[in-house]
Amino acid sequence: MPTDPSLQRLMDWAFSRIPALTVKAHDAILERVDAYAREDPVPAAELRRSVEENLRFLITAMGSGDGAELDMRTPADTGRRRARAAMPLPEVLRAYRLVFSTLWDALLAHARTSADPALAEALFSAASRLWWLADEHAVALTEAYRATTSEMLVRDQRRRSALVEALFLGTGGTSSFWEAASLLGLPPDAGFVVVAAETTGLAEESLPDIERLLADHGFASAWRLMPAMQVGIVAVPDGRDVALVELVTGACRSRTGISPRYGPITDTPRALQLARAAIAIQPAGRVGVHVFSSSPLAALMACDAAAAERLSADVLGAVLAMAAEDRDVLLETLHAYLDHQASAELAGRALHCHANTVRYRLRRITEVTGRSLQDPYAVAELAAASYAVRMRPDRSRTTGGS
């Protein structure tokens, strides 16, 4: 449909006034939208260019007639640029409304003061199209902004995941570790733990929204989702270890392990092994959190699975070969005895039996293994084997703390 000649004259006038309208709209944005006044995300020159482009778009579209196909590249480009600059969308739309109102006010003032009354009539007749154009412009800008934001989030998440993987694999030198930690927002002077959780399904998070949850409580963290496991590195301020365990416990939906606290970020690969061992210590199908022992002996068993398997077979092989009922009772007693300061009384309380019952079972262990609990070297072997057997993947043992 051809454009009304009066409306075309009005648009021609507006086109000739683009430089002045650009300055006016630009100044209004700087005055009324604080985010643009800082010139941090969007420099003044970029803002002026964008204002001019969008004025040209509106004026050209108004003069092209109702049947003309709109070219939405200008508002879409604006939306993409603002998303990349991390300018909040509400502020972007507010700036756009100021551009539109600047144009409308100028057209209205010119039509009213013109000697040609047909200009005012043409403008009022075309008002609905101008508002429609403003709406279509805002929709195109918003859609492009949101699409770009989504792309950036996905790209950022891929990069974060790759950086987390680099820390877990130990790729690169020491400087690469600290660079990755810095890019992930992990403070260099903090202590760290690794948290590992079995996925509830193939690549399904068992600690949903854990990064946001921890951030809300003052813990910086970085996570990676794998097909069978969700793993993360958490910076733990001094004195907040218990708070972290409580948060993870409240969020977990599967077996979850937490490594001992460690200092240099370069120890992350070893901490991952210990967090995974803390999962293995728990019975299959359990939902809960286990913090791996800070004992160097436990860590040694976890980090050398082959040696741990040989040790458990050499030291406790005779116990492991017993019928399940006898085997489980003896192993449970040994674990409790070692975990409670080698005290039959404390172990009895933990097992809900008499101390003499504990002593009887310990004598049986001595008989079948040939290792006396009075011999320090034999006790060391039994303690190491106790850690090792609790981490056996076949679960042919009873569970206990480590």
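Residues numbered from 1 in each chain as written. Predicted model: local features only at pLDDT ≥ 70, side-chain atom pairs only at ≥ 80, totals over all residues. Heavy atoms only, no water.

Participant: Can you explain the overall build of the protein chain? Please cite residues and give values.
Facilitator: Helix and strand counts for the protein chain come out as 18 helices and five strands. Taking 2.2 N^0.38 as the reference for a compact globule, 402 residues should give roughly 21 Å; the C-alpha atoms of the protein chain span a radius of gyration of 35 Å, well beyond that estimate. Looking at the protein chain as a whole, 46% of its 402 residues qualify as buried. Intrachain contacts of the protein chain at a sequence separation of at least 6 include 72% that bridge at least 24 residues. For the protein chain, the computed accessible surface area is about 19700 Å², with 53% contributed by carbon and sulfur atoms. The positive charge centre, built from 43 side chains, and the negative charge centre, built from 49, are 2 Å apart in the protein chain. (Helix = DSSP H or I, 4+ residues; strand = E, 2+ residues; numbered from the N terminus. Rg over C-alpha atoms; globule rule 2.2 N^0.38 Å. Buried < 20%, exposed > 50% of the residue type's maximum accessible area, 1.4 Å probe, protein only. Contact = heavy atoms within 4.5 Å. Areas by Shrake-Rupley, 256 points an atom, 1.4 Å probe, with all protein chains shown as cover. Lys, Arg positive; Asp, Glu negative; His and termini not counted. Charge placed at Lys NZ, Arg CZ, Asp CG, Glu CD.)

Participant: A description of the sheet that holds strand β3 (residues 229-236) should follow, citing residues and the corresponding values.
Facilitator: Taking strand neighbours across the sheet as the criterion, the five strands line up as β2-β3-β1-β4-β5 in an open arrangement whose pairing is mixed. Each having just a single partner strand, β2 (221-225) and β5 (288-291) make up the two edges of the open sheet. Each neighbouring strand pair of the sheet contributes to a mean axis angle of 15°, computed without reference to strand direction. Pairing of strand β4 (residues 255-258) with β5, which is carried by four bridges, proceeds in the parallel orientation. Bridge pairing links threonine 256 to valine 289 in β5. Most of the contacts of helix α8 (residues 127-169) go to β2, to which it runs at about 95°, and overall it touches β1 (191-198), β2 and β3. Taken strand by strand, helix α12 (residues 268-280) contacts β1, β3, β4 and β5, and its axis lies near 40° from that of β1. (Pairing = 2+ DSSP bridges. Axes fitted to C-alpha atoms, helices over the stretch in contact; angles between N-to-C directions.)

Participant: Which residues make up empty space enclosed by the protein, and what values go with them?
Facilitator: According to the stated counting rule, one finds one cavity of 30 Å³ or more in the structure shown. The computed volume of the largest cavity comes to approximately 110 Å³. Considering the residues around the largest cavity, the lining is formed by 14 residues, among which Ser50, Asn54, Thr78, Ala95 and Tyr96 are closest to the centre. For the lining of the largest cavity, the secondary-structure elements that each account for two or more residues are α4 (44-63), α5 (73-84), α6 (89-113) and α8. Here the lining of the largest cavity is composed, by residue class, of nine nonpolar, four polar and one charged. (1 Å grid on protein atoms, 1.4 Å probe; cavity = no way out; pocket = protein on both sides within 12 Å on 5 of 7 lines; lining within 4 Å. Points joined across faces, edges and corners; volume = space filled by probe spheres on them. Nonpolar A, V, L, I, M, F, W, Y, C, P; charged D, E, K, R; others polar.)

Participant: I'd like a rundown of helix α16 (residues 344-351), residues and numbers included.
Facilitator: For α16, the full list of buried residues reads Ala344, Ala347, Gly348 and Leu351. Take α16 and look down its axis: the buried residues cluster within an arc of 105°, on one side only. Against the buried residues of α16 lie α15 (324-339) and α17 (355-369). One side-chain oxygen at the N-terminal end of α16 lies 3.4 Å from the backbone nitrogen of glutamate 345; it belongs to serine 343. A positive backbone phi angle near 60° is found at histidine 352, which sits one or two residues after α16. (Arc of directions from axis to C-beta. Polar contact = N/O pair within 3.5 Å; in protein donor to acceptor, adjacent residues only side chain to side chain.)

Participant: So, the nonpolar core: which residues are in play, and what are the values?
Facilitator: Across soluble globular proteins, nonpolar side chains show a tendency to be buried alongside one another. If you look at the biggest cluster of nonpolar residues, it comprises 48 residues, and the most contacted ones within it are Ile29, Tyr36, Leu103 and Leu107. Mapped onto this core, the elements with two or more residues apiece are α1 (5-16), α2 (18-32), α3 (34-37), α4, α6, α7 (117-125) and α8. Among the elements that make up this core, the one with the highest residue count is α6 (14 residues). Ranked by size, the runner-up nonpolar core spans 24 residues in total, among them Ala181, Leu186, Phe192 and Val194. (Core = buried A, V, L, I, M, F, W, Y, C linked by side-chain atoms within 4.5 Å.)

Participant: Hey, could you go over the pairing of β3 for me, with residue numbers and the actual values?
Facilitator: Within β3, eight of the eight residues are buried, which leaves the element mostly enclosed by the surrounding structure. Side chains Met229, Val231, Ile233 and Ala235 of β3 all project onto a buried face; the interleaved residues Gln230, Gly232, Val234 and Val236 project onto the opposite face, where all are buried too. Where β1 meets β3, eight bridges bridge the pair, whose relative direction is antiparallel. Bridge pairing in β3 links alanine 196 to valine 231. Here five bridges tie β2 to β3, and the two strands are oriented antiparallel to one another.

Participant: Summarise the packing of α8 against α12; cite the residues concerned and give the values.
Facilitator: The interhelical angle for the contact between α8 and α12, taken along N-to-C directions, is 85°, at an axis separation of 6 Å. What the angle tells us is that α8 and α12 run roughly perpendicular. Residues Leu167, Phe168 and Leu169 of α8 lie in contact with α12, whose contacting residues are Thr268, Pro269 and Leu272. Tallied by class, the residues present in the contact of α8 with α12 amount to five nonpolar, one polar and no charged. (Parallel < 35°, antiparallel > 145°, perpendicular 65-115°, else oblique.)

Participant: Go over the confidence of the model for the protein chain, please, and point to the residues and values.
Facilitator: Scored by pLDDT, the protein chain has a mean of 86; 93% of the residues are at 70 or more. In the model, residues 395-402 has pLDDT below 50 throughout and makes 38 contacts with residues more than four positions away in sequence or in other chains. (pLDDT = per-residue confidence, 0-100.)

Participant: How would you sum up the pairing of β4? Please name residues and give values.
Facilitator: Neither face of β4 is left uncovered, since the one carrying Arg255 and Gly257 and the one carrying Thr256 and Ile258 both have all their residues buried. Strand direction decides the pairing type here: β1 and β4, joined by three bridges, are antiparallel. Along β4, the bridge assignment pairs alanine 196 with glycine 257.

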